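Each chain, letter by letter, is given below.
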Amino acid sequence: MSSISGHQAGSQRGRLSAVEVLLIAAGGFSLACMALLAAVHINDRFGIGAASGAWMGLAAAARHGVLYPPVYSHGYFAGTRYMPLPIAMEAGAGLLSGEFLWSGKAIVFLVSVCLLALVFLVARRRGAPTPVALAITGAVAASSAASTTTLQIRWDSLAALLQ
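Quick summary incoming for the structure in this document. (Residues numbered from 1 in each chain as written. Predicted model: local features only at pLDDT ≥ 70, side-chain atom pairs only at ≥ 80, totals over all residues. Heavy atoms only, no water.)

1. Comments concerning the overall build of the protein chain
- Looking only at helices and strands, the protein chain features eight helices and two strands.
- Its helices and strands taken in sequence order, the protein chain reads α-α-α-β-β-α-α-α-α-α from the N to the C terminus.
- Its C-alpha atoms give the protein chain a radius of gyration of 20 Å, more than 25% over the compact-globule value 15 Å for 163 residues.
- Counting only C-alpha atoms and orienting by the principal axes, one finds that the protein chain spans roughly 70 × 30 × 25 Å. (Helix = DSSP H or I, 4+ residues; strand = E, 2+ residues; numbered from the N terminus. Rg over C-alpha atoms; globule rule 2.2 N^0.38 Å.)

And the structure:
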């Protein structure tokens, strides 16, 4: 309780403590690094593997009118258990851009930004001071799970955001 009242007293003075400055710097640096990585690799195959390729393939099929390809057709296996919303979002982004790599990465990054904003807002509503909420959000962004779901074409962030 004393740390909360101490924080409130510090906030009333208008000056940030050294710990608050450090939390803001660490959280901001982490978020800036994630944004920089996303911007630098927006149009290359960084982080693109089989799972990302499957999502792009499903988006391409949906763009041509096939939401769920048949499980077996003409000697090829396809089909999916993936939910339709990410497929439709990626197909729509691909329709606007004319391709699936850049648009897929961009829309997944936007969804991840929304999820990180939600993490920040939930931390604030639960009573975390702004520097702490920013540090929490930065720590989430620095995790391997966040880098996988933010820098690759994966839709785990959308599932987490919609829960």
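2. So, the environment of leucine 96
- Locating leucine 96 in the fold gives a position in helix H4 (residues 84-97).
- Among the residues examined, leucine 96 registers a relative accessible area of 78% and is labelled exposed.
- Taking the C-alpha atoms as reference, leucine 96 lies 16 Å from leucine 58; in sequence the two are 38 residues apart. (Buried < 20%, exposed > 50% of the residue type's maximum accessible area, 1.4 Å probe, protein only.)

3. Some details on the environment of serine 112
- Position of serine 112 relative to the elements: it lies in helix H5 (residues 101-125).
- Sequence spacing of serine 112 and alanine 123 is eleven residues, and the spatial spacing of their C-alpha atoms is 17 Å.
- With residues near it in sequence (within four places) discarded, serine 112 still touches Thr149, Thr150 and Ser157. (Contact = heavy atoms within 4.5 Å.)

4. Here we look at empty space enclosed by the protein
- Within this structure, the stated rule accounts for one cavity of 30 Å³ or more.
- Considering only enclosed or pocket space, the largest cavity measures out at about 40 Å³ in volume.
- Leu37, Ala38, His41, Ile42, Lys105, Phe109, Thr150 and Leu151 together form the lining of the largest cavity.
- Listed by contribution, the elements that provide at least two residues to the lining of the largest cavity are helix H2 (18-40), H5 and helix H7 (144-151).
- Looking at the lining of the largest cavity residue by residue, the classes come out as five nonpolar, two polar and one charged. (1 Å grid on protein atoms, 1.4 Å probe; cavity = no way out; pocket = protein on both sides within 12 Å on 5 of 7 lines; lining within 4 Å. Points joined across faces, edges and corners; volume = space filled by probe spheres on them. Nonpolar A, V, L, I, M, F, W, Y, C, P; charged D, E, K, R; others polar.)

5. Things to note about unusual backbone geometry
- The residue histidine 74 is not glycine, and still its phi comes out positive at about 55°.
- Of note, histidine 74 is situated in the loop between strand S1 (72-73) and strand S2 (76-77).
- Histidine 74 sits in the exposed class, given a relative accessible area of 76%.

6. Considerations on the packing of H5 against helix H6 (residues 130-142)
- Following both chains from N to C, one finds H5 and H6 inclined at 145°, their axes separated by 9 Å at the closest point. For the pair H5 and H6, the sense of crossing is right-handed. Contacts from Leu116, Val119, Phe120, Ala123 and Arg124 in H5 reach Thr130, Ala133, Leu134, Ile136, Thr137, Val140 and Ala141 in H6. (Axes fitted to C-alpha atoms, helices over the stretch in contact; angles between N-to-C directions. Left-handed = near helix turned anticlockwise from the far one by under 90°.)

7. Comments concerning H2
- In this model, H2 (23 residues) spans 32 Å end to end at C-alpha, consistent with the 33 Å of a helix rising 1.5 Å per residue.
- Taken together, the buried positions of H2 are Glu20, Gly27, Ser30, Met34 and Ala38. (Expected span 1.5 Å × (residues − 1).)

8. What to know about the packing of H2 against H7
- It is the contact of H2 with H7, at a shortest axis distance of 11 Å, that shows an interaxial angle of 30°. In terms of orientation, H2 lies roughly parallel with respect to H7. Crossing geometry of H2 relative to H7 is assigned as right-handed. Seen from H2, the contacting residues are Met34, Leu37 and Ala38; seen from H7, they are Ala146, Ser147, Thr150 and Leu151.
- Of the residues that constitute the contact of H2 with H7, the class distribution is five nonpolar, two polar and no charged. (Parallel < 35°, antiparallel > 145°, perpendicular 65-115°, else oblique.)

9. Some details on the environment of proline 131
- Structurally, proline 131 can be placed in helix H6.
- Note on proline 131: relative accessible area 6%, which makes it buried.
- Separated by 26 residues in sequence, proline 131 and serine 157 have C-alpha atoms that sit 23 Å apart.
- Discounting residues that sit within four places of it in the chain, proline 131 has contacts with Glu20, Leu23 and Ile24.

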